[in-house]
Amino acid sequence: MSTILVVANETLGGAKLLETIQRKAGSQDHIVVCVPRNRPREGLVIYDDAVYDAAQVRIDLARQFLRERGLNAVGDVGDPDPYTATMDAVAEWRPDEIIISTYPATSSGWMRRDLIERVTDATGLPVTHVITDVDTEGLPFDVTLVVANRTASGDDTTGLSDPAAT
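Residues numbered from 1 in each chain as written. Predicted model: local features only at pLDDT ≥ 70, side-chain atom pairs only at ≥ 80, totals over all residues. Heavy atoms only, no water.

### Focus: the overall build of the chain
Our working definition: Strands here are runs of E lasting at least two residues and helices are runs of H or I lasting at least four, both read from the DSSP assignment and numbered beginning at the N terminus. Working definition: with a 1.4 Å probe on protein chains only, accessible area under 20% of the residue-type maximum means buried, over 50% means exposed, and in between means partly exposed. Contact criterion: two residues are considered in contact whenever any of their non-hydrogen atoms come within 4.5 Å of each other. Surface accessibility follows the Shrake-Rupley procedure with a 1.4 Å probe radius. Residue values consider only the protein chains on display as shielding.
Scanning the chain from terminus to terminus reveals six helices and five strands. The linear arrangement of helices and strands in the chain, starting from the amino end, is β-α-β-α-β-α-β-α-α-β-α. Classification of the 166 residues of the chain by burial places 36% in the buried group. A separation of at least 24 residues holds for 73% of the contacts in the chain among residues at least 6 apart in sequence. In the structure as shown, the chain presents an accessible area of about 9,800 Å², 49% of it carried by carbon and sulfur atoms.

Structure representation (structure tokens):
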């Protein structure tokens, strides 16, 4: 029985990553999914709790998907910095190996920061790098994006705030 740490964020549901996990893990192995919480690339006001919740949703979907395939999986939302998140998870879970999923090199901030090499050097553990392009591959589960949170200010042109309009 071994512990496999899976570090991914937006690529967590990618087919190549899930295939790699299924190929490496057996029913007795323990899979730990670590998702560093990150701010979306677009948007003006993003609340910390919304960023955390988005990372937790990714973990929950991946855990459900893996459990349906007979694999034992737990998950943690990590530090915003992927290196720190990985090292924190290594310290807590003591994995036997690590799988890191990134976007292709042309669009991966993690690869520009040499995440794979830094984690390999720091841990001495076997690290498998999976390149995932969810934009072309799609996801094996449905995700509903809700774009709503709080209104900070603005003119109400609908008349909904006027008590006489109700």
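### Notes on the packing of aromatic side chains
To keep it simple, the criterion reads: Geometry of aromatic contacts follows a simple scheme: Phe, Tyr and Trp rings, the Trp one being its six-membered ring, pair when their centres are within 6.5 Å, and the pair is stacked under 30 degrees between planes, edge-to-face over 60, tilted otherwise. Working rule: Lys NZ or Arg CZ, within 6 Å of ring centre, within 35 degrees of ring normal, means a charge sits over the ring.
One pass over the full model with this rule turns up zero aromatic pairs. Positioned above the aromatic ring of Tyr83, the side-chain terminus of Arg118 is 4.2 Å from the ring centre.

### Some thoughts on the packing of helix H3 (residues 82–93) against helix H5 (residues 115–123)
Let me state the cut-off plainly: Axis definition: a line fitted to C-alpha atoms, limited for helices to the stretch in contact. Angles are taken between N-to-C directions and run from 0 to 180 degrees. In this scheme, roughly parallel covers angles under 35 degrees and roughly antiparallel covers those over 145, while 65 to 115 is roughly perpendicular and the rest are oblique. Crossings are sorted by hand: turned counterclockwise from the far helix by less than a right angle, the near helix makes the crossing left-handed, and turned clockwise it makes it right-handed. Three residue categories are used. Nonpolar comprises Ala, Val, Leu, Ile, Met, Phe, Trp, Tyr, Cys and Pro, charged comprises Asp, Glu, Lys and Arg, and polar comprises the others, including Gly.
One way to put it is that H3 packs onto H5 with a least axis distance of 10 Å and a crossing angle of 30°. Comparing their axes, H5 and H3 come out roughly parallel. As H3 runs across H5, the sense of the crossing is right-handed. Taking contact as the criterion, the partners of Pro82, Tyr83, Thr86, Met87 and Val90 in H3 are, on H5, Leu115, Arg118, Val119, Ala122 and Thr123. When its residues are assigned to classes, the contact of H3 with H5 shows seven nonpolar, two polar and one charged.

### Examining unusual backbone geometry
Even without a glycine there, the phi angle at Arg94 is positive, about 50°. As for its position among the elements, Arg94 is in the loop between H3 and strand E4 (97–102). Judged by relative accessible area, which is 61%, Arg94 ranks as exposed. Here Asp114, not a glycine, exhibits a phi torsion of approximately 55°, which is positive. Note on placement: Asp114 falls in the loop between helix H4 (109–112) and H5. Judged by relative accessible area, Asp114 falls into the partly exposed class, the value being 42%.

### A word on the nonpolar core
So the rule is basically this: The definition of a nonpolar core used throughout is a set of buried Ala, Val, Leu, Ile, Met, Phe, Trp, Tyr and Cys residues joined through side-chain atoms within 4.5 Å.
Among the nonpolar cores identified, the biggest contains 21 residues, and Val6, Leu12, Leu17, Ile21, Ile31, Leu66 and Ile99 are the most heavily contacted of them. Breaking this core down by element, the ones donating at least two residues are strand E1 (3–7), helix H1 (15–24), strand E2 (30–36), helix H2 (48–68) and strand E3 (72–78). If you tally residues by element for this core, the top one is H2, at five residues. Setting aside chain neighbours within four positions, we find Leu66 in contact with Leu18, Ile21, Ile31, Leu71 and Ala73. Core analysis: the second largest hydrophobic core is formed by 15 residues, Leu5, Val74, Ala89 and Leu125 among them.

### A word on the layout of surface pockets
The cut-off we apply is this: Buried and open spaces are told apart on a 1 Å grid over the protein atoms alone, a cavity being a set of points where a 1.4 Å probe fits but cannot get out and a pocket being an open set with protein on both sides within 12 Å along at least five of seven lines. Residues with an atom within 4 Å of a point are the lining residues. Grid points are joined across faces, edges and corners, and a volume is the space filled by probe spheres set on the points.
In this structure, the second largest pocket occupies an estimated 300 Å³ of space. Contributing elements (two or more residues each) for the lining of the second largest pocket: E4 and H4. Sort the elements by how many residues they give to the lining of the second largest pocket and H4 lands first, with three residues. Tallied by class, the residues present in the lining of the second largest pocket amount to five nonpolar, eight polar and four charged.

### Remarks on the sheet that holds E4
Basically, it comes down to this: Strand pairing is assigned whenever DSSP identifies at least 2 bridges connecting the two strands.
Pairing is parallel across the open sheet formed by five strands, whose spatial order is E3-E2-E1-E4-E5. In this open sheet, the two strands that pair with only one neighbour each are E3 and strand E5 (127–131). This sheet shows a mean twist of 20° between the axes of neighbouring strands, independent of strand direction. Across seven bridges, E2 lies against E3 in parallel orientation. Following the sheet pairing, Cys34 is matched in E3 by Asp76. Along the sheet, H3 makes contact with E1, E2, E3 and E4, crossing E2 at roughly 150°.

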